[in-house]
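Close look at the chain arrangement
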Amino acid sequence: HLEALFAPGEWERLLPKLARRTLREAGLSESVKLQRRDGKAFPAQASFVAVAGEGNAPTLLMAARDLTEQRIVEERLAASEARYRQLVEGIGDGAFIVQDDRIAYANPALARLVGAEPGGLAGAAFIDLLDAGDLLRVRETVMRAEAGTEDRGEFTCRLRARGRAGPEVRVAWAAGEFQGRRAVIGTMTDVTARSRFERALAESQARLEATLNAGGDGILVLEPRPTGAAVALVNPAFARLFGCGADELRGLGEAELRRRLLDRVVEPAPLAAFLQGLSGAGAARLDGVEIQAPGRAIVDLIAGPVIAGGETIGTILTARDETGRIDGERQVRRSLEQLTAAKTELETACRGLSEAQGALAQRNQQLETLNAELKSLDEMKSNLLANVSHELHTPLVSIKGYTEMILKRKLGPLTPEQERGMGVALKNIDRLIEMIDNLLSFSRMEKGETNLHLETLQLWQVIDEAVDLVGERIRKKGITVTTQYETDELMIRGDRVKVGQVLTNLLTNAVKFNREAGSITLTVRPGPSGFLEVEVADTGIGIPPESLDKIFERFYQVDAGPRRRYEGTGIGLSIVRDILRLHGCAIKVRSEVGQGSVFTFTLPLSRDQAPSGSRPPAGRHRSRA
């Protein structure tokens with residue numbers, strides 16, 4: 001019976017299906033267990049189909065294929081797949097399969113990387129795992145892999161994690177097939193910590209290089225190599241000190257380095273001994289190495305081992321430029337020597353000064369005594385001058401009065417010779433009175449007893465009065481006097497007597513030092529704000545340039561010799577200056593020898609400038625001869 005071909009229970013399982021005509025006619029294929037003659041079961045693939053037999057008797061055709069070997073292969077494949085899946089899902093790196101831009105498979109490690117649930121990535125878009133900054137770059141790579149233009153590759157990107165900063169991963173991928181279609185198979189390795197370490201290492205290296213490049217000290221590092229010690233690192237400061245390029249020194253052996261450095265120093269012997277066996281020596285120092293090329297420099301060299309992990313991995317040589325310090329110390333020593341010498345000279349000078357101060361103190365005491373005596377004598381002189389002037393003035397006025405009466409023949413007739421004698425006497429009396437008046441004014445000013453009696457004055461009236469006072473002298477010398485008014489404002493504020501004395505003294509000098517038939521011009525014009533300017537010009541003998549600064553000093557006379565031509569006390573201009581100073585005004589002079597002198601002074605304007613009908617109009621000239 002056909003049932004005998006099947007393992008127990010298998011025929012009963014198939015019989016209901018075989019009983020159905022539709023299945024028999026369409027054909028039925030089933031995995032079944034058959035049994036051999038010895039009763040051992042084996043897997044097989046059985047196919048059944050109804051066919052027409054002899055005489056159209058219903059016939060069932062069965063074909064069976066032994067699947068024992070296939071099942072062994074499938075079992076092995078399943079075991080292998082299980083082991084592979086266990087391996088893939090157990091590794092720390094993320095693994096993935098991408099088809100049509102979607103994740104066909106992702107292991108738990110990849111889910112952990114992006115903060116997803118295990119198995120929650122299947123079917124998700126691959127680009128959803130990526131940070132926005134890497135999206136386009138990675139998308140283009142995946143498209144090229146799926147299109148078959150690239151077979152494999154590797155890149156670094158950042159993932160988009162949920163609720164935290166995404167990790168940085170290195171992706172290794174290869175194009176392949178999954179379930180009969182093209183796919184991208186790859187792994188993701190978390191390199192966040194490594195990238196952070198590499199960046200920190202790069203920053204540390206950059207800081208180290210910046211520190212070495214910015215430092216003022218030269219630094220050179222020798223490291224041992226199979227062929228001998230060689231320069232592993234050198235900063236620009238070291239290369240600049242010895243006139244070499246940093247790239248030129250880097251990689252040089254110890255012998256070649258020693259040769260180049262020795263060529264650039266003034267005394268090679270000490271440096272050669274210092275550099276001998278430098279790479280194997282401990283700490284060493286050499287001060288005051290003088291470099292002659294490319295420029296003068298004095299450096300201190302310090303050598304020491306470079307130790308890492310308790311082992312010596314090289315030798316560091318530091319060159320410190322001490323040129324400025326040493327030159328400064330030398331300059332300080334020279335300055336100190338100069339200061340010491342100067343101190344000695346100063347001490348000597350101080351002793352001499354102390355002695356001089358002692359002598360000066362004695363002289364000062366003597367001078368104070370003499371000054372007190374001089375003050376007393378000066379006071380006595382002033383008192384005597386005032387008393388004598390006053391006592392002389394009264395009898396002289398009386399003598400002048402009687403002399404004028406005699407000249408006017410009120411006391412009797414005179415002979416021509418008597419008249420001439422009395423005229424000379426009267427002239428001398430007038431000169432004595434003038435001198436005594438000046439002495440009295442000088443005495444009062446010297447004592448500070450001069451007070452101003454200020455009032456509003458018509459300046460042209462004071463000028464006319466002064467001209468009248470010296471009129472006799474003007475006529476005797478045939479001098480022409482001209483007054484010029486260049487302004488209508490002629491009201492001044494001053495002491496009438498003192499202002500008249502200023503004008504009288506200046507006119508007297510202009511007559512005294514004028515030539516015969518000369519001229520005198522009085523000009524009044526606007527001066528600085530609040531002042532009038534008065535100018536008295538003559539055509540006299542003039543004043544030498546060396547005397548212009550002295551003529552206002554008391555008792556100074558240009559012609560002071562025993563044979564002088566012009567008499568006087570030398571205080572007239574001094575009195576003029578003092579009176580003007582009391583009024584807050586000043587006087588100046590310009591002169592040319594042989595051409596005449598011009599005295600210019602100011603007078604304070606009055607606030608009240610009421611016009612006067614009797615005043616000469618501005619610009620009018622008035623002459624007297």
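Residues numbered from 1 in each chain as written. Predicted model: local features only at pLDDT ≥ 70, side-chain atom pairs only at ≥ 80, totals over all residues. Heavy atoms only, no water.

Glancing now at the packing of aromatic side chains. Applying the stated criterion across every chain yields a total of 5 aromatic pairs. Both rings, one in F552 and one in F599, keep their centres 6.3 Å apart while their planes meet at 85°; by these two values the pair is edge-to-face. Of this pair, F552 sits in the loop between strand 18 (531-538) and helix 16 (572-582) while F599 sits in strand 20 (residues 596-604), and the two are 47 residues apart along the sequence. Ring pairing ties together the aromatic residues F6, W11 and F48, which thus form one cluster. Positioned above the aromatic ring of F42, the side-chain terminus of R36 is 4.2 Å from the ring centre. (Phe/Tyr/Trp six-rings, centres within 6.5 Å; stacked < 30°, edge-to-face > 60°. Helix = DSSP H or I, 4+ residues; strand = E, 2+ residues; numbered from the N terminus. Lys NZ or Arg CZ within 6 Å of the ring centre and 35° of its normal.)

A separate point is the packing of helix 9 (residues 254-262) against helix 10 (residues 268-275). Helix-helix packing is characterised by the crossing angle of the two axes and by the distance between the axes. Here helix 9 crosses helix 10 at 160°, and the two axes come no closer than 10 Å. Classified by the interaxial angle, the pair formed by helix 9 and helix 10 is roughly antiparallel. As helix 9 runs across helix 10, the sense of the crossing is right-handed. Where helix 9 approaches helix 10, its residues E254, R258, L261 and L262 are matched on the opposing element by P268, L271, A272 and L275. Residues of the contact of helix 9 with helix 10, tallied by class, amount to 6 nonpolar, no polar and 2 charged. (Axes fitted to C-alpha atoms, helices over the stretch in contact; angles between N-to-C directions. Parallel < 35°, antiparallel > 145°, perpendicular 65-115°, else oblique. Left-handed = near helix turned anticlockwise from the far one by under 90°. Contact = heavy atoms within 4.5 Å. Nonpolar A, V, L, I, M, F, W, Y, C, P; charged D, E, K, R; others polar.)

Here we come to the sheet that holds strand 2 (residues 41-52). A sheet is described by the order of its strands in space; here 3 strands give the open sequence 1-2-3, paired in antiparallel fashion. Here the strands that pair on one side only, and so sit at the sheet edges, are strand 1 (28-35) and strand 3 (58-66). Across the sheet, the axes of successive neighbouring strands diverge by a mean angle of 35°, strand direction being ignored. Both strand 2 and strand 3 contribute to a ladder of 9 bridges, which runs antiparallel. From the neighbouring strand, A52 faces strand 3, where its bridge partner is P58. (Pairing = 2+ DSSP bridges.)

Soluble globular proteins: nonpolar side chains tend toward being buried together. Membership of the largest hydrophobic core comes to 42 residues, with the highest contact counts inside it found for L506, I520, F599 and F601. Only helix 13 (459-469), strand 15 (480-485), helix 15 (496-512), strand 17 (519-526), strand 18, helix 16, strand 19 (587-592) and strand 20 provide two or more residues apiece to this core. The element contributing the most residues to this core is helix 15, with 7 residues. Leave out the neighbours within four places in its chain, and L506 touches V536, L573, V576, I587, F599 and F601. In terms of nonpolar packing, the next biggest core, distinct from the first, is built from 28 residues, V234, F238, L286 and L301 among them. (Core = buried A, V, L, I, M, F, W, Y, C linked by side-chain atoms within 4.5 Å. Buried < 20%, exposed > 50% of the residue type's maximum accessible area, 1.4 Å probe, protein only.)

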